[in-house]
Amino acid sequence: MLAHFGKEGVHETPIPKVNQEMLAEMIGTTRSRVSFFMNRFRKLGFIDYHAGAALQVHSSLLNIVLRD
């Protein structure tokens with residue numbers, strides 16, 4: 001769903017703001033591990049984000065996750 005968020009012709013569901021600490025609690029890890037993987041995904045070109053800006057998830061990440 002996140003990989004298609006904001007694309008024309010795709011129904012958008014509002015996604016509440018989630019910080020790294022909240023995400024870490026949801027998936028049962030530490031905020032530092034979330035930060036580590038967010039940075040890795042950004043360097044690999046799977047996501048784009050900047051401090052205070054919206055997170056963009058590229059469909060290539062979705063394909064990788066679904067394939068594994």
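Scoring rules and cut-offs
- Residues numbered from 1 in each chain as written.
- Predicted model: local features only at pLDDT ≥ 70, side-chain atom pairs only at ≥ 80, totals over all residues.
- Heavy atoms only, no water.
- Helix = DSSP H or I, 4+ residues; strand = E, 2+ residues; numbered from the N terminus.
- Buried < 20%, exposed > 50% of the residue type's maximum accessible area, 1.4 Å probe, protein only.
- Contact = heavy atoms within 4.5 Å.
- Expected span 1.5 Å × (residues − 1).
- Polar contact = N/O pair within 3.5 Å; in protein donor to acceptor, adjacent residues only side chain to side chain.
- Phe/Tyr/Trp six-rings, centres within 6.5 Å; stacked < 30°, edge-to-face > 60°.
- Lys NZ or Arg CZ within 6 Å of the ring centre and 35° of its normal.

- You'll find the chain entered in an unreviewed UniProt entry as Transcriptional regulator, Crp/Fnr family, with Candidatus Sulfotelmatobacter kueseliae given as the organism.

1. Some thoughts on the overall build of the chain
So, point 1. If you tally the helices and strands in the chain, you get three helices and two strands.
So, point 2. Ordered by position from N to C terminus, the α and β elements of the chain give α-α-β-β-α.
So, point 3. Counting the 68 residues in the chain, one finds 15% classified as buried.
So, point 4. For the chain, long-range pairs separated by at least 24 residues make up 16% of all intrachain contacts whose partners lie at least 6 apart in sequence.

2. So, helix α2 (residues 31–43)
So, point 1. Under the 1.5 Å per step criterion, the end-to-end length of α2 is 18 Å for 13 residues, consistent within 8% with the ideal 18 Å.
So, point 2. Where α2 is buried, its residues meet α1 (20–27) and β1 (47–48).
So, point 3. Note on α2: the residue one or two positions beyond its end, Gly45, has a positive phi of about 85°.

3. A closer look at α1
So, point 1. Capping the start of α1, Asn19 holds a side-chain oxygen 3.1 Å from the backbone nitrogen of Glu21, two or three residues further along.
So, point 2. Directly beyond the C-terminal end of α1, a positive phi value near 75° is found at Gly28.

4. Here we look at the packing of aromatic side chains
So, point 1. The final tally for this structure, using the stated rule, is three aromatic pairs.
So, point 2. With a centroid separation of 5.0 Å and an interplanar angle of 90°, the aromatic rings of Phe36 and Phe37 are classed as edge-to-face.
So, point 3. With a relative accessible area of 35%, Phe36 lands in the partly exposed category.
So, point 4. Assessed through its relative accessible area of 31%, Phe37 is described here as partly exposed.
So, point 5. Site record: aromatic cluster; members linked through ring pairs are Phe36, Phe37, Phe41 and Phe46.
So, point 6. We note Arg42 situated over the ring of Tyr49; from NZ or CZ to the ring centre the distance is 4.4 Å.

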